[in-house]
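Summary of structural features
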Amino acid sequence: MDLSRFPRRRYSEGATPLEFLPNFTRALRGPKVWMKRDDMLGLAPGGNKTRKLEFLVADAMARGADTLITCGAPQSNHCRITLAAAIKEGLHCRFVIEERVPNSYQREASGNNFLFRLLGVEAITVVPGGADMAAAMQEVATALAAQGRKGYIIPGGGSNALGGLGYVACAQELQQQFIAQGVHIDRVVVASGSSGTHGGLLAGFIADDVRIPIIGIGVSRDPADQEPLVHGEAVAVAQLLGLKTSIPREAVVAIGGYWQPQYSLPNPMMVAAVQMLARTEAILLDPVYTGKAMAGLIGLSRHGFFRREEHILFIHTGGTPSLSAYERILLEGL
Ligand SMILES: *Cc1c(COP(=O)(O)O)cnc(C)c1O
C-alpha cells in the first residue's frame with residue numbers, strides 16, 4: 001500500500017523500537033510478550049496521536065490553516081500532542097475540553113493540564129460531559145474566522161480517516177521490523193478508545209494481507225459499542241486508501257471489563273498493571289489507556305485466553321505525562 005501519495009509531516013526520527021519483554025514474560029507465566037514502543041514517538045513526549053497528526057497537520061497546512069482546534073478530556077494526551085505539533089509548525093492551537101467527570105478540569109492540575117500551560121495553549125473552552133463537541137469546535141472556528149483567521153478542526157483523538165493513516169503507516173513499520181528482527185507475532189493487543197489506532201492498524205494489516213488478529217481493549221466502552229465504532233473507522237480508512245478488499249466485521253474484536261468504573265477513573269487491575277511493568281521492565285504505562293489495556297492483556301493471560309507458546313505484541317500508545325496526576329493511587333492503590 002503506497003502511502004506516499006498522502007501529504008505527511010514527520011515528527012519522529014526513524015522507527016520506534018519493537019522489544020521483547022523477558023522479565024515481564026517470566027512474571028506473567030503466560031505467552032511471550034513484545035512491545036511496540038510508540039510511547040517513544042516524537043512531540044514532547046509523543047504517543048499514538050503523533051502518528052495521526054503527521055497526516056492531519058499536513059492537511060491543515062495544505063488548506064492554509066493558522067490554528068489547530070481540537071477536543072478531549074481534561075487530561076487529554078491528544079490535546080497536548082496537537083499543541084506540540086502546532087508549536088513545531090508555527091501554528092496556534094485551541095482546545096475544547098469535555099468534563100466527562102463533573103468538575104474534573106482544573107487549570108492548575110498536574111500532568112497534561114500543566115503541560116497545556118507550559119506549552120502555551122492559546123485558549124481553552126470547557127464544556128460539560130455529553131456536549132456536542134463538533135458544534136463547540138465549530139464555534140471556535142467561527143470566532144476565529146470573524147477575526148480573519150483560519151482554524152482547522154481535528155476530531156477527538158484525531159480519529160477520522162486521515163488520522164487513521166498514521167496507524168496504516170505503523171502497520172507498515174511493523175511488517176519491516178518483523179522481517180528485519182525475525183519476529184513472528186501471533187496476536188496484537190492495543191488500547192481501543194476513539195478508534196483511530198485500532199481501526200487504522202486493522203485497515204493497514206488488511207491492506208497488506210497481514211493476518212495477525214488484533215484485540216482491542218476498550219478504555220471507555222464495552223464491545224457492543226466499541227466494535228461498530230472501530231469497524232466504521234477501519235472502513236473509512238480503507239475507503240480513503242481505495243482498498244478493494246472489504247473490512248470483515250468479525251475482524252474487529254474488542255474486550256470489555258477493564259475500563260470500569262468509567263473512562264479515565266482508576267481501578268485496581270490498572271494499578272497492578274502499571275506497577276508490574278514499572279517493576280519488571282522499567283517501562284512506564286499510563287493510568288487512562290495503556291494501564292487498562294495491559295490489565296486486559298494480563299487478565300486474558302490469567303484466564304487462559306492465550307497459548308503459552310504464543311507471541312503477543314502490545315502496542316504502547318504513550319500517555320505517561322498523566323502519571324503525575326495519579327501519583328498517590330499508583331503507589332498506595334485504591
Ligand atoms: C488516545 C490514546 C489511546 C487511544 O487511542 P484511540 O486511537 O483514541 O483509540 C491510547 N493510548 C493513549 C496513551 C492515548 O492517548
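From a predicted model like this one, the values you see are computed outputs, not experimental measurements. (Residues numbered from 1 in each chain as written. Predicted model: local features only at pLDDT ≥ 70, side-chain atom pairs only at ≥ 80, totals over all residues. Heavy atoms only, no water.)

This paragraph deals with the side chain of glutamate 173. Note that glutamate 173 resides in helix H6 (residues 161-181). Polar contacts involving the side chain of glutamate 173 include one to the main-chain amide nitrogen of threonine 16, which spans 3.0 Å. Leaving out residues up to four positions away in the same chain, glutamate 173 has contacts with Ala15, Thr16, Lys36 and Arg51. (Helix = DSSP H or I, 4+ residues; strand = E, 2+ residues; numbered from the N terminus. Polar contact = N/O pair within 3.5 Å; in protein donor to acceptor, adjacent residues only side chain to side chain. Contact = heavy atoms within 4.5 Å.)

Our next topic: the domain arrangement of the chain. Domain parsing of the chain yields domain 1 (18-47 + 160-332) and domain 2 (48-158). Carbon and sulfur atoms supply 59% of the area that domain 1 and domain 2 bury against each other, a total of about 2300 Å² over both sides. It is Leu43, Leu162 and Tyr263 that lose the most area in domain 1 upon contact with domain 2, and together they represent 24% of the buried surface on that side. Taken together, domain 1 and domain 2 are joined by 2 salt bridges. Linking arginine 51 and glutamate 173 is a salt bridge whose minimum nitrogen-to-oxygen distance equals 3.1 Å. Remark: the boundary between domain 1 and domain 2 carries 11 residue pairs in polar contact (both at pLDDT 80 or more). (Domains from an automatic or database assignment. Buried area = accessible area lost by both parts, 1.4 Å probe. Salt bridge = Lys/Arg side-chain N within 4 Å of Asp/Glu carboxyl O.)

The next point concerns the layout of surface pockets. Its boundaries defined by the atoms lining it, the largest pocket holds a volume of some 590 Å³. Taken together, 38 residues form the lining of the largest pocket, with Gly156, Gly157, Gly193, Ser194 and Tyr289 sitting closest to its centre. The residue makeup of the lining of the largest pocket, split by class, is 10 nonpolar, 21 polar and 7 charged. In terms of domain composition, the lining of the largest pocket takes at least three residues from each of domain 1 (18-47 + 160-332) and domain 2 (48-158). In this structure, the second largest pocket spans a volume of roughly 330 Å³. In this structure, the second largest pocket is lined by 20 residues; those nearest its centre are Pro74, Gln75, Ser104, Ser264 and Tyr326. Taken together, the residues of the lining of the second largest pocket break down into 10 nonpolar, 8 polar and 2 charged. Here the lining of the second largest pocket spans two domains, and each of domain 1 (18-47 + 160-332) and domain 2 (48-158) adds at least three residues to it. (1 Å grid on protein atoms, 1.4 Å probe; cavity = no way out; pocket = protein on both sides within 12 Å on 5 of 7 lines; lining within 4 Å. Points joined across faces, edges and corners; volume = space filled by probe spheres on them. Nonpolar A, V, L, I, M, F, W, Y, C, P; charged D, E, K, R; others polar.)

As a matter of local geometry, the ligand sits amid 16 residues, with Lys49, Lys52, Ser194, Thr197 and Thr317 nearest to it. The contact in question runs from an oxygen atom of the ligand to an N or O atom on the side chain of asparagine 48, over 3.0 Å. Within the contact set of the ligand, an oxygen atom lies 2.7 Å away from a backbone nitrogen or oxygen of glycine 193. For the ligand, the accessible surface in isolation is 380 Å², of which the surrounding protein chains cover 98%. Most atoms of the ligand, that is more than half of them, are within 2 Å of grid points of the largest pocket. The biggest single contributor to the shell around the ligand is helix H2 (residues 48-62), with 3 residues. Across the shell around the ligand, the residue classes tally to 2 nonpolar, 12 polar and 2 charged. Counting the residues that make up the shell around the ligand, at least three belong to each of domain 1 (18-47 + 160-332) and domain 2 (48-158). (Near = heavy atom within 4 Å. Areas by Shrake-Rupley, 256 points an atom, 1.4 Å probe, with all protein chains shown as cover. Sits in = over half its atoms within 2 Å of the grid points.)

For the rest of this paragraph, the subject is the environment of proline 74. Relative to the helices and strands, proline 74 resides in the loop between strand S3 (67-72) and helix H3 (77-89). Separated by 36 residues in the primary sequence, proline 74 and serine 110 have C-alpha atoms spaced 11 Å apart. Not counting residues within four places of it along the chain, the set of residues in contact with proline 74 comprises Ile97, Glu98, Ser104, Tyr105, Asn113 and Phe116.

Moving on: the nonpolar core. The biggest cluster of nonpolar side chains holds 59 residues, and the ones touching the most others in it are Leu68, Leu165, Leu174, Val188, Leu201 and Leu313. Counting residues per element, the ones that place at least two in this core are H2, H3, strand S4 (92-99), H6, strand S7 (187-192), helix H7 (196-207), helix H8 (223-241) and strand S10 (311-316). Take this core: its biggest share by element is 9 residues, from H6. Among the domains, domain 1 (18-47 + 160-332) and domain 2 (48-158) are the pair contributing at least three residues each to this core. Filtering out sequence-adjacent residues up to four positions away, valine 188 remains in contact with Leu201, Phe205, Ile212, Pro213, Ile214, Ile215, Leu313 and Ile315. (Core = buried A, V, L, I, M, F, W, Y, C linked by side-chain atoms within 4.5 Å. Buried < 20%, exposed > 50% of the residue type's maximum accessible area, 1.4 Å probe, protein only.)

Turning next to the sheet that holds strand S2 (residues 32-37). The strand order across the open sheet built from 6 strands is S1-S2-S10-S7-S8-S9, with neighbouring strands paired in mixed fashion. The sheet is open, and its two edges are formed by strand S1 (18-20) and strand S9 (253-255), each paired on a single side. Strand-to-strand, the axes of this sheet are offset by a mean angle of 30°, without reference to chain direction. Pairing of S7 with strand S8 (residues 214-218), which is carried by 5 bridges, proceeds in the parallel orientation. The residue bridging valine 188 from the neighbouring strand is isoleucine 214, located in S8. Along the sheet face, H6 touches S1, S2 and S10 and points at about 130° away from the line of S2. (Pairing = 2+ DSSP bridges. Axes fitted to C-alpha atoms, helices over the stretch in contact; angles between N-to-C directions.)

What follows deals with empty space enclosed by the protein. Counting across every chain of the model gives 1 cavity of 30 Å³ or more. The space that makes up the largest cavity amounts to roughly 50 Å³. Lining the largest cavity are Arg8, Arg10, Ser12, Gly14, Ala15, Thr16, Leu41, Arg51, Glu54 and Glu173. Of the residues in the lining of the largest cavity, the class split is 2 nonpolar, 3 polar and 5 charged.

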